[in-house]
Amino acid sequence: MNLKSTSCIGFALAFGMLSCSVGQKKEAPGNEARRWAIALHGGAGTISRSQMTPARDSGYRTSLDLALKTGEDILSRGGSALDAVEQTIAVLEDNPLFNAGRGAVFNREGKVQLDAAIMEGEKGMAGAVAAVEGIRNPIRLARIVMERSPHVFLCGAGAREFGIEQGLDTASASWFYTRERWEQLQRQRATGKSGSLENHAESLGTVGCVALDQQGLLAAGTSTGGMTNKREGRIGDSPVIGAGTWADNRTCAVSCTGHGEYFLRLAMAHELHSRILHGNQGLEKAAGALILEELSKAGAQGGLIAVDGKGRIVMPFNSEGMFRAFSNGKSRKIVIYRE
Ligand code: ASP
């Protein structure tokens, strides 16, 4: 990595942003190194060093590293952005530290209802599921909705039925259960607050991934349990195409995390695409304005990760921290706090 892009990362990280370009070195014609890039998040929110024990900090870093390696292996071997996004997210869904798949938050009725979406940037194909129960990896279900059904968005029992019909792994309530999430629900029930800012703070851990593959294609995906103590049937931004997830090869692939109701109202992921395509703004400027200005003005917390066709990555957030990682084969980094 050259000096220019190193200092750009240093600057960007200090502001909760990250932007870097890869493949800038000129290669002989016909001999260009094919570029690829991947970024992932594990949720944005109140993550301060003082609240983290060293063991917890290193548990998150190891988990982010493992997920990142999954995507790096696929992309460096010439695999597709869609495969990288699906497999990376599936690893995070199986990890009880994150609010997706195993370890997801409980709703008001004490159930785990999961939301996920995936989108590819060439044809704009997309698949999404919401409030689905008992499917081990909702991101895989979102992908088969995209590839094997005439639909884009399935919810509840119908989504689950489709997954079973297509041979996806199911999982019992005990697979999804963690004591920490159950205790969070009891605390939230005691306060009687649902859908508040405090409520979101306890729901940390949504996961997302964006990727550029060596064929120049972009893909994005997001998976979450939503918010602790949410009403039965509540759906956040994550599975809503254009709110929490979006990909278009002309602009970028985006995955959001934060208080979903605000991301839905801002149509956040599509708004980023629009500002680049129609507003002639650069990725970094547009993403920064949306998160640091628009979302902050609305009084909400969160962030996003995005990658464009040149492999530039941005990761703005306005909260205390965001679990995040990126790689382009030449540089890789795992970051938690504002640094
Ligand atoms: N956006 C998710 C939701 O509202 C939660 C999060 O990303 O923290 O469902």
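Conventions adopted
- Residues numbered from 1 in each chain as written.
- Predicted model: local features only at pLDDT ≥ 70, side-chain atom pairs only at ≥ 80, totals over all residues.
- Heavy atoms only, no water.
- Pairing = 2+ DSSP bridges.
- Helix = DSSP H or I, 4+ residues; strand = E, 2+ residues; numbered from the N terminus.
- Axes fitted to C-alpha atoms, helices over the stretch in contact; angles between N-to-C directions.
- Contact = heavy atoms within 4.5 Å.
- Parallel < 35°, antiparallel > 145°, perpendicular 65-115°, else oblique.
- Left-handed = near helix turned anticlockwise from the far one by under 90°.
- Nonpolar A, V, L, I, M, F, W, Y, C, P; charged D, E, K, R; others polar.

Draft legend 1. Geometry of the sheet that holds strand 11 (residues 321-327). Taken in spatial order, the eight strands line up as 4-3-2-6-5-1-11-12 in an open sheet, and their pairing is mixed. The two strands at the open ends of the sheet, each matched to only one other strand, are strand 4 (153-155) and strand 12 (332-337). Strand-to-strand twist of the sheet, defined as the mean angle between neighbouring strand axes without regard to direction, takes the value 5°. The sheet contact formed by strand 3 (residues 126-132) and strand 4 spans three bridges and is parallel. Along strand 4, the bridge assignment pairs Ala130 with Cys155. Against the sheet, helix 2 (residues 54-76) engages strand 1 (37-45), strand 5 (207-212), strand 11 and strand 12, with an angle of about 145° to strand 12. Each of strand 2 (114-120), strand 3, strand 4 and strand 6 (218-224) touches helix 4 (residues 138-148); the most contacted strand, strand 3, lies at about 135° to it.

Draft legend 2. Expanded view of the sheet that holds strand 7 (residues 245-247). A sheet is described by the order of its strands in space; here four strands give the open sequence 7-8-9-10, paired in antiparallel fashion. Unpaired on one side and paired on the other, strand 7 and strand 10 (313-314) mark the two borders of the sheet. Taken strand by strand, helix 11 (residues 283-297) contacts strand 9 (302-307) and strand 10, and its axis lies near 170° from that of strand 9.

Draft legend 3. Main features of the packing of helix 2 against helix 3 (residues 81-93). At a minimum axis distance of 8 Å, the contact between helix 2 and helix 3 shows a crossing angle of 160°. Between helix 2 and helix 3, the crossing angle belongs to the class labelled roughly antiparallel. Helix-helix and strand crossings are classified by hand; for helix 2 and helix 3 the assignment is right-handed. Of the residues in helix 3, those in contact with Ser63, Leu66, Ala67, Thr70, Gly71, Ile74 and Leu75 of helix 2 are Ala81, Asp83, Ala84, Gln87, Thr88, Val91 and Leu92. In terms of residue class, the contact of helix 2 with helix 3 is made up of eight nonpolar, five polar and one charged.

The quantities given are spatial measurements derived from coordinates; they are silent on function.
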